[in-house]
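# Observations on the three-dimensional arrangement
One-letter residues, chain by chain:
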Amino acid sequence: MGKRLQTVAAVGLMKTLLMIFNFLFFVIGIAILALGIYTKVQLYIYMELMDNYYSNTPYVMIGIGVFILLLGMAGCFCTTKGNPPLLYIYAVVLFIIFIAELSAGISAYVFKSEIYEAFKTGLEDAQEKYDNSDSSQAKAIDEMQSTLECCGSYNYTDWLTTKYGSEEGGRVPESCCKDSANCTSTNLATAMADETIYQDGCHTKVVKFVEDNIAIIAGSATGFAFLQILGVVLSYCLAKNINKNKYEQVA
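Residues numbered from 1 in each chain as written. Predicted model: local features only at pLDDT ≥ 70, side-chain atom pairs only at ≥ 80, totals over all residues. Heavy atoms only, no water.

## Structural notes on the overall build of the protein
When its secondary structure is counted, the protein shows eight helices and zero strands. For the protein, the α and β elements follow one another from N to C terminus as α-α-α-α-α-α-α-α. Burial statistics for the protein: of 251 residues in total, 35% are counted as buried. Here the analysis covers contacts within the protein between residues at least 6 apart in sequence; of these, 70% occur between residues at least 24 apart. Surface accessibility of the protein: about 14,200 Å² in total, with carbon and sulfur atoms responsible for 65%. (Helix = DSSP H or I, 4+ residues; strand = E, 2+ residues; numbered from the N terminus. Buried < 20%, exposed > 50% of the residue type's maximum accessible area, 1.4 Å probe, protein only. Contact = heavy atoms within 4.5 Å. Areas by Shrake-Rupley, 256 points an atom, 1.4 Å probe, with all protein chains shown as cover.)

## Things to note about the packing of aromatic side chains
The description of an aromatic ring pair rests on the distance of the ring centres and on the angle between the ring planes. Throughout the structure, instances matching the rule amount to seven aromatic pairs. Relative to Phe-226, the ring of Phe-98 lies with its centre 5.3 Å away and its plane at 65°, an arrangement referred to as edge-to-face. Taken together, the residues span a long stretch of sequence, with Phe-98 in helix α3 (residues 84-110) and Phe-226 in helix α8 (residues 214-250) at a distance of 128 residues. We classify Phe-98 as buried; its relative accessible area is 7%. Ring pairs connect the aromatic residues Phe-95, Phe-98 and Phe-226, which therefore count as one cluster. Residue placement shows Arg-171 over the ring face of Tyr-164; its charged tip is 3.8 Å from the ring centre. (Phe/Tyr/Trp six-rings, centres within 6.5 Å; stacked < 30°, edge-to-face > 60°. Lys NZ or Arg CZ within 6 Å of the ring centre and 35° of its normal.)

## Side note on the packing of α3 against helix α4 (residues 112-129)
Between α3 and α4, whose axes approach to 4 Å, the crossing angle comes to 60°. As judged from the angle between their axes, α3 and α4 are oblique. Facing α3, whose interface residues are Ala-108, Tyr-109 and Val-110, α4 presents Lys-112, Glu-114 and Ile-115. Residues that form the contact of α3 with α4 fall into these classes: four nonpolar, no polar and two charged. (Axes fitted to C-alpha atoms, helices over the stretch in contact; angles between N-to-C directions. Parallel < 35°, antiparallel > 145°, perpendicular 65-115°, else oblique. Nonpolar A, V, L, I, M, F, W, Y, C, P; charged D, E, K, R; others polar.)

## A few points about the state of the cysteines
Applying the stated criterion across every chain yields a total of two disulfides. The disulfide bridge from Cys-151 ends at Cys-176, spanning 2.1 Å between sulfur atoms. Given an S-S torsion of about 85°, the disulfide between Cys-151 and Cys-176 has right-handed geometry. With Cys-151 in the loop between α5 (136-148) and α6 (193-196) and Cys-176 in the loop between α5 and α6, this residue pair connects regions lying 25 residues apart in the sequence. Taking relative accessible area as the criterion, Cys-176 reaches 0% and is therefore assigned buried. (Disulfide = S-S within 2.5 Å.)

Written out as structure tokens, the structure reads:
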């Protein structure tokens, strides 16, 4: 009788902990879904500048967010029902997600320099084709330069070697201006550009931001990945204790 009470208490504890895990998993799913929507609505203009940009990336993120939301709900169902086979299946799915996330994280780190290079190549290509029109690439560059307060890839002089920048004595887009109402964006060969034009390059600024925050990004990704391991352990332990409780009832 004493062992059975211990098992019942263990089952209750495992259910509580697993429900907390499911709630955290559900919240993370909402966060990924929101990030995917934000990427589609706002960040896509920057991502389009990458040389090998995959246009369906935001939809993939949205899909992952929805999948995690549904999986979190399924986890709550499995927990409340206390069905061992479903709990084992839930644990296996969580482990597969963990392996996939770990692989994606390692790949992103290994190919980090290639990602930087793709952004650099895409940015330089967009600068070369820039014509101050309403094209998506021109809008993307202007939005990025005005938002990030940068100009060119490495500095504003990158523009002077492009078709657009070589005209009018050397010029840059008005989005490079610190103050568009009081800015000299032409005749830069003789003008005091450092007083009116952003000096930092966009590629330099983006790479610096990533490098400065890589520890936080990697830590968050690792923490989320290993959160699945916690879910795997809790699901397995709960299923095992439920089976044990059934056996003790029969005994």
